Amino acid sequence: MEAIYIPQLLKLPEQTETITFEESVEGLDSLTPVRGTMIIAHRGNFLEVSTNAETIMTLVCDRCLKNYNYRLSLKISEMIWLKNPSPSALTGEREIALEDLFESIPINGYFEPSTWLYEQLSLNMPVRQICSQNCQPPKYQQEQFHPSLDSRWSSLAAIKKQFEQ
Ligand SMILES: [Zn+2]
């Protein structure tokens, strides 16, 4: 997706650009292209960006350590403040403006749909990646919970057994 020159949006019907895409997103290691739509609306002092997107990712299960495919779908809307080049920044007197508290880009700059989409997809990756509800940890991990199966202890266990007899 190409960068959008923000003032250009004002010339479009309803100041809105709608993009349909199916492409790989740079930095995102997805199995299939990311597919969806994005609506970018100019609302005067902010952009309202919303998307409905989907892709399939290959993830590594946190529990069994196997690869599995995960359908990552995203339905999100975000406001991005448009800031005027601020004269107060030059004088050093700087008030805390609302726009400082949110993501903001210059009003006469560019909006990068691909970068924004990459950020949103990254933020929506599952925190805990588990392939299925009944997956099991690999064997060597299970054995850690049973010290008696550890070979370092087996000789000691054998001696202990001798004393018990
Ligand atoms: Zn698993």
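Scroll up for the structure.
Residues numbered from 1 in each chain as written. Predicted model: local features only at pLDDT ≥ 70, side-chain atom pairs only at ≥ 80, totals over all residues. Heavy atoms only, no water.

Caption draft 1: Structural context of the overall build of the protein. Helices and strands together make up the secondary structure of the protein, namely five helices and seven strands. Reading the helices (α) and strands (β) of the protein from amino to carboxyl end gives β-α-β-β-β-β-α-β-β-α-α-α. Buried residues in the protein amount to 26% of all 165 residues. Considering only contacts in the protein between residues 6 or more positions apart, those separated by 24 or more positions represent 59%. When the accessible surface of the protein is split by element, carbon and sulfur atoms take 52% of a total near 11700 Å². (Helix = DSSP H or I, 4+ residues; strand = E, 2+ residues; numbered from the N terminus. Buried < 20%, exposed > 50% of the residue type's maximum accessible area, 1.4 Å probe, protein only. Contact = heavy atoms within 4.5 Å. Areas by Shrake-Rupley, 256 points an atom, 1.4 Å probe, with all protein chains shown as cover.)

Caption draft 2: The arrangement of the nonpolar core in detail. In this structure, Val34, Met38, Ile40, Leu47, Val49, Phe111 and Leu117 are the most contacted members of the largest nonpolar core, which totals 28 residues. Contributions of two or more residues to this core are made by α1 (6-9), β2 (16-23), β3 (34-42), β4 (46-60), β5 (67-83) and α3 (113-123). Leave out the neighbours within four places in its chain, and phenylalanine 111 touches Ala3, Ile4, Ile6, Met38, Ile40, Leu47, Val49, Ile80, Ile105 and Trp116. (Core = buried A, V, L, I, M, F, W, Y, C linked by side-chain atoms within 4.5 Å.)

Caption draft 3: Fine view of the pairing of β4. Two strands pair when backbone bridges link them, and β3 and β4 are joined in this way by eight bridges, in the antiparallel orientation. Residue pairing in the sheet places arginine 35 in a bridge with glutamate 54 of β4. Hairpin connection between β3 and β4: a loop of three residues separates the two successive antiparallel strands, and glycine 44 in this loop has a positive phi of roughly 85 degrees. In the sheet, β4 pairs with β5 via 15 bridges, with the strands oriented antiparallel. Bridge pairing in β5 places methionine 57 opposite tyrosine 70. Counting the residues in the hairpin turn of β4 and β5 gives six residues, including leucine 65, whose phi is positive at 65 degrees. (Pairing = 2+ DSSP bridges.)

Caption draft 4: Structural context of the coordination of the zinc ion. Donor atoms from the polypeptide that bind the zinc ion are Cys61 (SG), Cys64 (SG), Cys131 (SG) and Cys135 (SG), placed at 2.3 to 2.4 Å. Angles of 105 to 119 degrees at the metal separate the four donor atoms of the zinc ion, which places the site in the tetrahedral class. What makes cysteine 135 buried here is its relative accessible area of 11%. (Donors = N, O, S within 2.8 Å, 3.2 Å for Na, K, Ca; no water. Tetrahedral: all angles 85-135°; square planar, octahedral: opposite > 155°, others 65-115°.)

Caption draft 5: Structural context of the sheet that holds β2. Here we have five strands laid out as an open sheet, ordered β2-β3-β4-β5-β6, and mixed in their pairing. Two strands close off the open sheet at either side, each with one partner strand: β2 and β6 (104-106). Each strand axis lies, on average, 25 degrees off the axis of its neighbour in the sheet, ignoring direction. Bridging between β2 and β3 involves eight bridges; their strand directions are antiparallel. Looking at the pairing, threonine 16 lines up with alanine 41 of β3. Contacts from α3 reach β2, β3, β4 and β5, with the element oriented near 125 degrees to β5. (Axes fitted to C-alpha atoms, helices over the stretch in contact; angles between N-to-C directions.)

Caption draft 6: Broad picture of the packing of aromatic side chains. In this structure the tally under the stated criterion is three aromatic pairs. Consider the rings of tyrosine 5 and tyrosine 110, whose centres lie 5.1 Å apart with planes at 45 degrees: the pair is tilted. Note that tyrosine 5 is positioned in strand β1 (residues 4-5) and tyrosine 110 in strand β7 (residues 110-111), a separation of 105 residues in sequence. (Phe/Tyr/Trp six-rings, centres within 6.5 Å; stacked < 30°, edge-to-face > 60°.)

Caption draft 7: How the structure looks around the pattern of salt bridges. This model, assessed by the stated rule, comprises three salt bridges. Arginine 35 is the partner of glutamate 22 in a salt bridge, and the nearest nitrogen-oxygen pair spans 3.6 Å. With glutamate 22 in strand β2 and arginine 35 in strand β3, the pair connects residues that are 13 residues apart, well separated along the chain. Here arginine 43 makes a salt bridge to glutamate 48, at a shortest N to O gap of 2.9 Å. Accessibility expressed as a relative area gives 28% for glutamate 48, which makes it partly exposed. (Salt bridge = Lys/Arg side-chain N within 4 Å of Asp/Glu carboxyl O.)

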